[in-house]
Amino acid sequence: MFDEPLSKESARDVQSSLGEKSLIQPRSNVAPPLVHGPALNQNISCKIGNYRFSDTNGAFQIRNNCPYNNANWSYQISSLLRDKITSNVSESGLVWYKAGVRHGKNAPHTVPANYHFHGTMSNVRNYETVTYGDQLSFRVLIAGRAGSAVLTIGGTVKMVP
């Protein structure tokens, strides 16, 4: 959300400054949420190693760590988005659910935009479906316009051997 409402002309200026790899779609004073993560029920096998999902906002990785019954994850904001961020990034702390029941939350952080966010979802076993989510909040400057942004990371994965 920008600090002040945008005129149609200002919205075009913001869109133009982002180019083809748009991070947001400017609309008056509201920007849509940014969502990032794997497709619904993506299988995550311990035989494969890290699974990587990326777009213009950043890269999310997840690994089924079978020997330890957990899933390791990480997220790094892209340089394209980092260039627009003018503040530290506040992470809410990744929360994960199994069968609709909350099973944990990673610690929240407030860190520079180049931080490599990471954590572990504990007590995650093969053949379980895990839904997770996290939010990163920060200030941005786009086409000379200041605003606040929230990037939502989330997905649903199925752990398999």
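Cut-offs applied
Residues numbered from 1 in each chain as written. Predicted model: local features only at pLDDT ≥ 70, side-chain atom pairs only at ≥ 80, totals over all residues. Heavy atoms only, no water. Phe/Tyr/Trp six-rings, centres within 6.5 Å; stacked < 30°, edge-to-face > 60°. Helix = DSSP H or I, 4+ residues; strand = E, 2+ residues; numbered from the N terminus. Buried < 20%, exposed > 50% of the residue type's maximum accessible area, 1.4 Å probe, protein only. Disulfide = S-S within 2.5 Å.

(A) Here's a closer look at the packing of aromatic side chains. Tallied over the entire structure, the rule returns three aromatic pairs. Summarising the aromatic geometry, the rings of Phe60 and Trp73 are spaced 6.3 Å apart at their centres and angled 15° between planes, so their arrangement reads as stacked. Of this pair, Phe60 sits in strand β4 (residues 58–65) while Trp73 sits in strand β5 (residues 70–77), and the two are 13 residues apart along the sequence. The exposure classification of Phe60 matches that of Trp73, with both residues buried. Consider the rings of Phe60 and Tyr132, whose centres lie 5.2 Å apart with planes at 5°: the pair is stacked.

(B) Structural context of the state of the cysteines. Counted under the stated rule, the structure contains one disulfide. Paired through a disulfide, Cys46 and Cys66 show a sulfur-sulfur distance of 2.0 Å. The chirality of the disulfide connecting Cys46 with Cys66 is left-handed, given an S-S dihedral of about -85°. On the criterion of sequence distance, the pair formed by Cys46 in the loop between β2 (42–45) and β3 (51–55) and Cys66 in the loop between β4 and β5 is long-range, its members being 20 residues apart. Taking the relative accessible area as the measure of exposure, Cys46 reaches 28% and is therefore partly exposed. Judged by relative accessible area, which is 18%, Cys66 ranks as buried.

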